Amino acid sequence: MMKGILDGCLLAIIKNKEVYGYELAEKLGEYGFLNFSEGTIYPLLLRMQKEQFVTSTLRKSTAGPKRKYYSLTEKGEEELERFTERWYHLQRNVNNVLNHETSNQKELGE
């Protein structure tokens, strides 16, 4: 379950600005995802690149070797929209379960 969610989160972060792998790990940490390292992120980025959701560009770094920066493609933006729709649907349904609400109760106004 986390894999699909992490993909969507990575796409959302990349949509906001071009980022490199280590920076993605830092951003995830800032949002509370503390258990993800670059070793977790790079295989996902590679797959997303193969699926043409992201592209990458090597750029000089101020410290050390060149960095691979990732940006979202049009296909990636479409995937992010689909993820967002699925996420809100899942969130609503989980909240219904946690609050013991059924669709019948909502229809009856209970």
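Structure shown above.
Residues numbered from 1 in each chain as written. Predicted model: local features only at pLDDT ≥ 70, side-chain atom pairs only at ≥ 80, totals over all residues. Heavy atoms only, no water.

1. Thoughts on the sheet that holds strand 3 (residues 67-72)
Here 3 strands make up an open sheet; going across it, the order is 1-3-2 and the pairing antiparallel. Each having just a single partner strand, strand 1 (19-20) and strand 2 (54-59) make up the two edges of the open sheet. (Pairing = 2+ DSSP bridges. Helix = DSSP H or I, 4+ residues; strand = E, 2+ residues; numbered from the N terminus.)

2. A look at the side chain of Thr73
Note that Thr73 resides in the loop between strand 3 and helix 4 (74-98). Given the relative accessible area of 17%, Thr73 is considered buried. In contact with Thr73, other than residues within four places in its own chain, are Gln52, Phe53, Val54 and Thr55. (Buried < 20%, exposed > 50% of the residue type's maximum accessible area, 1.4 Å probe, protein only. Contact = heavy atoms within 4.5 Å.)

3. Let's talk about the packing of helix 1 (residues 2-16) against helix 4
Remark: helix 1 packs on helix 4, axes separated minimally by 9 Å, with the N-to-C direction vectors making an angle of 130 degrees. Taken together, helix 1 and helix 4 sit at an angle that is classed as oblique. Here helix 1 and helix 4 pass one another in a crossing that is left-handed. Between helix 1, through Gly4, Ile5, Gly8, Cys9, Leu11, Ala12 and Lys15, and helix 4, the contact on the second element is made entirely by Gly76, Glu79, Leu80, Phe83 and Trp87. Class assignment of the residues belonging to the contact of helix 1 with helix 4 gives a composition of 7 nonpolar, 3 polar and 2 charged. (Axes fitted to C-alpha atoms, helices over the stretch in contact; angles between N-to-C directions. Parallel < 35°, antiparallel > 145°, perpendicular 65-115°, else oblique. Left-handed = near helix turned anticlockwise from the far one by under 90°. Nonpolar A, V, L, I, M, F, W, Y, C, P; charged D, E, K, R; others polar.)

4. Some details on helix 2 (residues 21-30)
Taken together, the buried positions of helix 2 are occupied by Gly21, Glu23, Leu24, Ala25 and Leu28. Residue Gly32 follows helix 2 closely and has a positive phi angle near 105 degrees.

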